[in-house]
Amino acid sequence: MDDICSFHHTNISISKQYLRDTFDNLGFDECISELKGIITHIIVLSSLPKDCDDNIKSGIADWIRIKCELIPKHWSNTPGTNWDVGYEKTAYFLDWIESNYNIPLTTFLKEYLDSGTWDKSIIEAKLGTKLEVLWEHYKKGQKNIMIPIRSHWPNIKVTFKLSEASKSTFEKLCSESDAVSYLTQLLEETLIQLYKVPDHSPVWIRNLTWFCESMDGVAHTNGDRYDKEIHLSHEYLQKYMSNHTIEQSKNELEGVMRHELVHVIQHNGKRTLPGGLVEGIADYIRIRSGCIAPHWQRKKGGSWTNGYSTTGYFLEWIEDCPPFACNNFVTKLNASLENSGWKDELFENLIGSRIDAAWDRYQNSFE
């Protein structure tokens, strides 16, 4: 056969000539290791979604080889032209992400690939930044290892209370029986997006109760240090659904809940964090999650103190774009607010610039 190996239905075929050449050049032990590596690669490839890009699939397959310590001697971890060129170049990049960010990337990939789809934005949402941004850090040999201060995430019990008047509206978007698992999943994802690892995470929170009820406004969060509540307006959902499709309404529900979950878990500098940043960080997580409201626009004008999406897009720009490209900026800023009151220097020391000067540069980026 011309290829090194192939997979068809339940059969794996490997080139006899390739194995013979490997044995002649490397010896018996290396030949066995390579055989195991090829089989591992093929098994992983066969389990990935068909709509996943071939380069991504080959990179994931070789990454599993790396994790199994089935690495051929000829592989090089020198970065390729891009993160998605495939095979060992992509594999070493994935391994670098997991090692330097101390996150269970394998779990994330399995969770979403098991669903039969591939969307890199899902992984980016988990990481809190774009893969292209991480690639630039990888090529420069930069590391951002966070040594855990806390070894576990908060163990928060989620409960859901749906008023009778809200049932008919809410259940068009999410069944009452699925509400707890729905919010628990969003909570876990939001913790990882904001904190990356358990460092500084609010392990003292014990309970979170989600209310969907008749009330003014959209949603709000309250509670004490240990027990939190999220209140969601069914009138708002009803009004939104009257002007949008079900899918758009589901996106809005998810976005609103991600925003409120940030308020549940974020540090606020002992209640001294400016309101614009409190709301801006919450909408930054919405942006990173891809749950962007249809009317939002990244546009010139306003102030970094305006909060919400205006500030959220500014924070995203600081993380992703020159001259700052400050990786994990929001995570670091949030961590610094656990035991310290707000002062401009917390923000400015992370980016090496005054906030107003950074905002001016952001405004100029629209020209």
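Let me sum up the structure you'll find in this document. Just so it is clear, the model here is predicted, and its values are computed rather than measured. (Residues numbered from 1 in each chain as written. Predicted model: local features only at pLDDT ≥ 70, side-chain atom pairs only at ≥ 80, totals over all residues. Heavy atoms only, no water.)

Here's the deal with the packing of aromatic side chains
Phase 1: Tallied over the full model, the rule gives 22 aromatic pairs.
Phase 2: Here the aromatic rings of Phe170 and Trp210 are separated by 5.5 Å at their centres, their planes lie at 75 degrees, and the arrangement is edge-to-face. A residue pair is termed long-range when its members are at least 10 positions apart, and Phe170 in helix α8 (residues 167–170) and Trp210 in strand β4 (residues 207–213) qualify at 40 residues. The exposure classification of Phe170 matches that of Trp210, with both residues buried.
Phase 3: An angle of 20 degrees between the planes, with centres 6.4 Å apart, marks the rings of Phe314 and Trp317 as stacked. (Phe/Tyr/Trp six-rings, centres within 6.5 Å; stacked < 30°, edge-to-face > 60°. Helix = DSSP H or I, 4+ residues; strand = E, 2+ residues; numbered from the N terminus. Buried < 20%, exposed > 50% of the residue type's maximum accessible area, 1.4 Å probe, protein only.)

Focus on the environment of Ile12
Phase 1: With respect to the helices, strands and loops of the structure, Ile12 is situated in strand β2 (residues 11–14).
Phase 2: For Ile12, a relative accessible area of 33% puts it in the partly exposed group.

So, helix α15 (residues 344–351)
Owing to its 3.6 residues per turn, the α-helix brings residues three or four apart onto one side.
Phase 1: Of the residues making up α15, those classed as buried are Leu346, Phe347, Glu348 and Ile351.
Phase 2: At the C-terminal side of α15, Gly352 shows a positive phi close to 70 degrees.

Focus on the sheet that holds strand β3 (residues 157–162)
Phase 1: Here four strands make up an open sheet; going across it, the order is β3-β4-β6-β5 and the pairing mixed. Looking along the sheet, the strands with just one partner apiece sit at the ends: β3 and β5 (219–223). The average angle at which neighbouring strand axes cross in this sheet is 15 degrees, direction not considered.
Phase 2: Bridge analysis of β4 against strand β6 (residues 227–233) gives seven bridges, and the strand direction is parallel. (Pairing = 2+ DSSP bridges. Axes fitted to C-alpha atoms, helices over the stretch in contact; angles between N-to-C directions.)

Some details on the nonpolar core
Phase 1: With 61 residues, the main nonpolar core has Trp210 and Phe347 as its most contacted residues.
Phase 2: Ignoring any residue separated from it by four or fewer positions in sequence, one finds Phe347 in contact with Leu277, Phe314, Leu315, Ile318, Phe329, Leu333, Trp342 and Ile355.
Phase 3: The next biggest cluster of nonpolar side chains, apart from the first, holds 20 residues, and it includes Cys52, Ile60, Trp83 and Phe93. (Core = buried A, V, L, I, M, F, W, Y, C linked by side-chain atoms within 4.5 Å. Contact = heavy atoms within 4.5 Å.)

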